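# Secondary and tertiary structure notes
This is what each chain is made of:
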Amino acid sequence: MDKNTRGAQGVLACRFLARIVMLSYGFTATPVLAQDTIKKTSPSQTDMSHQKGKTGAIASPSQSLVIVKGTRQPIEDYLAQTNSSALKIPVAIQKTPAAVQVITPAVIQDRGVLSINQAVETVSSVERNLTFPNSLTFRVRGFVDSSTTLRDGFREQTGTQDIQGVDTIEVLKGPASVLYGGSTSSGGTVNVTTKRAIPKHNFLNVGLSGGRFGLFRGTADSNRDLCGDGKVIARINFAYQHDDTFRDFGYNETTYVAPTLQWNPSLQDRVDFLASWQLSNYTWGASQTPLIRKALALPLSYNFDNQTLGASHQNSWRLGYNWVHKFSDALRFRSGFASSINNYNFGTDRMSTFALATNGETLSREVSSGPQMGKDFDLQNEFSGSFRTGALKHDWLVGSDLYQTDYSAKTYSATLPALILADPVYSGLPGISRLRSNISTQAEAASVYFQDYISLFDRVYFLGGGRYDSTTTSSLNKMKEINTSISAKKFSPRLGILYALSRTTSLYFNWSTSFIPTSTSSFSGTPLSPGRSHQIEAGVKQQLFHDRLQATVAVYDIHRSNVATTDPAHPLYSIAVGQQRSRGIEADVTGEILPGWKAVLSYAYTFACITRDNKYPVGSILAGVAKHTGNIWTTYEFADGTVLHNLGLGLGIRAATRREATLPNSFYLPGYFRLDSALWYKFSLHGRPIRAQINLTNLTNARIYDTNGTFSMRAEAPRSALGSLQVTF
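No experiment lies behind these values; they were computed from the predicted model shown. (Residues numbered from 1 in each chain as written. Predicted model: local features only at pLDDT ≥ 70, side-chain atom pairs only at ≥ 80, totals over all residues. Heavy atoms only, no water.)

This part covers the environment of isoleucine 169. Relative to the elements of secondary structure, isoleucine 169 occurs in strand S10 (residues 166–173). Separated by 50 residues in sequence, isoleucine 169 and alanine 119 have C-alpha atoms that sit 8.3 Å apart. Among all residues touching isoleucine 169, those that are not within four sequence positions of it are Gln101, Val102, Ile103, Ile108, Ile116, Ala119, Val120, Val190 and Asn191. (Helix = DSSP H or I, 4+ residues; strand = E, 2+ residues; numbered from the N terminus. Contact = heavy atoms within 4.5 Å.)

In this section: the sheet that holds strand S38 (residues 712–715). To summarise the sheet geometry, strands pair through backbone hydrogen bonds and adopt either a parallel or an antiparallel arrangement. Spatially, S17-S38-S37 is the arrangement adopted by the 3 strands of the open sheet, whose pairing is antiparallel. Lying at the two open borders of the sheet, with one neighbouring strand each, are strand S17 (289–290) and strand S37 (705–706). Note: S17 against S38, 2 bridges, orientation antiparallel. Within the sheet, the bridge partner assigned to threonine 289 lies in S38 and is methionine 713. (Pairing = 2+ DSSP bridges.)

Turning next to the pattern of salt bridges. Per the counting criterion, the structure on display carries 32 salt bridges. With its nearest N and O atoms 2.6 Å apart, the salt bridge here joins arginine 217 to aspartate 162. A residue pair is termed long-range when its members are at least 10 positions apart, and arginine 217 in strand S13 (residues 215–225) and aspartate 162 in the loop between strand S9 (154–157) and S10 qualify at 55 residues. Like arginine 217, the residue aspartate 162 is buried in the burial classification. The closest approach of N and O atoms between glutamate 361 and lysine 294, which form a salt bridge, is 3.4 Å. (Salt bridge = Lys/Arg side-chain N within 4 Å of Asp/Glu carboxyl O. Buried < 20%, exposed > 50% of the residue type's maximum accessible area, 1.4 Å probe, protein only.)

In this model, the protein chain carries an average pLDDT of 87, and 87% of its residues clear a pLDDT of 70 or more. Within the protein chain, strand S1 (residues 65–68) has the poorest average pLDDT of any element, 39, and strand S32 (residues 647–656) the best, 98. (pLDDT = per-residue confidence, 0-100.)

In this section: unusual backbone geometry. Geometrically, the link from leucine 663 to proline 664 is a cis peptide bond, its omega value of -5° lying close to zero. Positioned with a positive phi, glutamate 481 is a non-glycine residue whose angle comes to about 55°. A relative accessible area of 70% means that glutamate 481 is categorised as exposed.

Here's what the structure looks like:
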């Protein structure tokens, strides 16, 4: 995309933002800042039993409170008392027999993060994975065996999501096949819950941000009760961002629009209609660094692409609904559907091969380009409710899930002139482009699942459940006209128990399993058997400071089997006999220590290695996995009545030990210590609440790299600053 086209997109985005402001200026002011929302569960949850027919109102600005399920809560809360990912029903985190963490809107706003990949840094054992720029794939507990994430409880492959449309981010540790089916990662699952329309509220939140490397960002969040009685409510979120990245002649540009509509035809029914569109234009330069030791000594601004290469584009559409019907306090029904279409057009700046010559100075390069498309369709139907049998209370759930994902890719490859690292010339053009591959894959799954969460005397909690999946995975090689297919049937059980030693202290244990279908084929052309994993986990949960602080400490052991590994008889193909293991200890602490003093702390010890393989030595450490990682984010906001009231300060520390860069292990990526900070001030101008904020990231200018052990690694940005202004109308 040339500069004129990029500029036109920016102008259109700014006009769209201005139009939202003008149309909404007369709305009734609501004392909520740009990222503050009324807390809700995921639309995949049957939460209508808690609504009692009416939605609570937002309190006055002086109170800074919202009404959440009948409880007054500060809008600046770091601590979420309940989660909706672990059990698919709202359950207090303190009573959930699993490790689950929730990143709240307050944490996202105070840290000034611009992506979900940044937001998950506060959670132990979770890191972004090296895939497409702006994609949502994560390494959890050392494993990255799936690109599937959850959006509002629905599966999606390698999607994108602007942070502007995010309400909360929930991280469920360990295999999650029981509730969400195959293709979720063995280490854990990230569920992104998006913003929903809020009944009986009219507001407009507008934000502008600017920072280093030419960053400009504009956002808007508008909510309107169309009927005034909470029957029909509309909400739209918008974001536009442009930045030049920290790499020479790089850029990234994103436009995001997400309208939602809520219809409440009766006290028993609620229907949410969901849609979003996101357009991304970017270069790959900031995302690809050769996985060689010499690259670690080059400046972070060094680009290994050529300036003459074409950029890449991505166009994503999503559409869905969620309907909840409440028969009674003891019986509910939910039906939900989500669809997504991701169109990629990868430019010639996407490297597919880096190789350093023996002289240590000449880098050979190969590029790959072409169109790719991914589609996801997920239909869920669930009944849930509660009943008692003597002293036992049962919160049960049964459901069905029909899921289909399609993927197609046509890839062209070409050779670039070699790059002399000490004296780079960026004007060379690619050689003759040749069709390298033309494939399409499809995976279908029909599933039924059940779960029973049993409580005894508010002291002992049992969790039992299972899921039966029938899957078919097919792959078509259009160049060789080879069509292969494999079917699999799998029952995935899950067990858990939690014992409350006291109201604030709980011990828990769980055992869970998962399986991951694959489209990778063997020499005979048959797709490999699905990967399998199982986990045992035990931990303790502790509430402190009058329940304002939640701490979870967990130990776990995960085994993966049927991992694709080299076929000794046919080295260019794979067989499913590999095994891997990850075990570790992790701790997460979130909440308010004293009035105004909040913190998020996490630590993880992770040992992930190969236990069986035909190519790599047994005992090899998985690439990109640090044994020790830690994070501290803490803030303090001065209270009303003090000289510095409405002033807030934040300080963050993130550190990790060195990591193996490759398989087989050959050299290390360096450990790092990163320091972040924040400063904000809240005030009112002509009755409009305003928040001015400055975030400084990587003050230590640490060189941070991550990799999945293939041919490249990704560098994080050096020292940078972000200034933002958020206004509520």
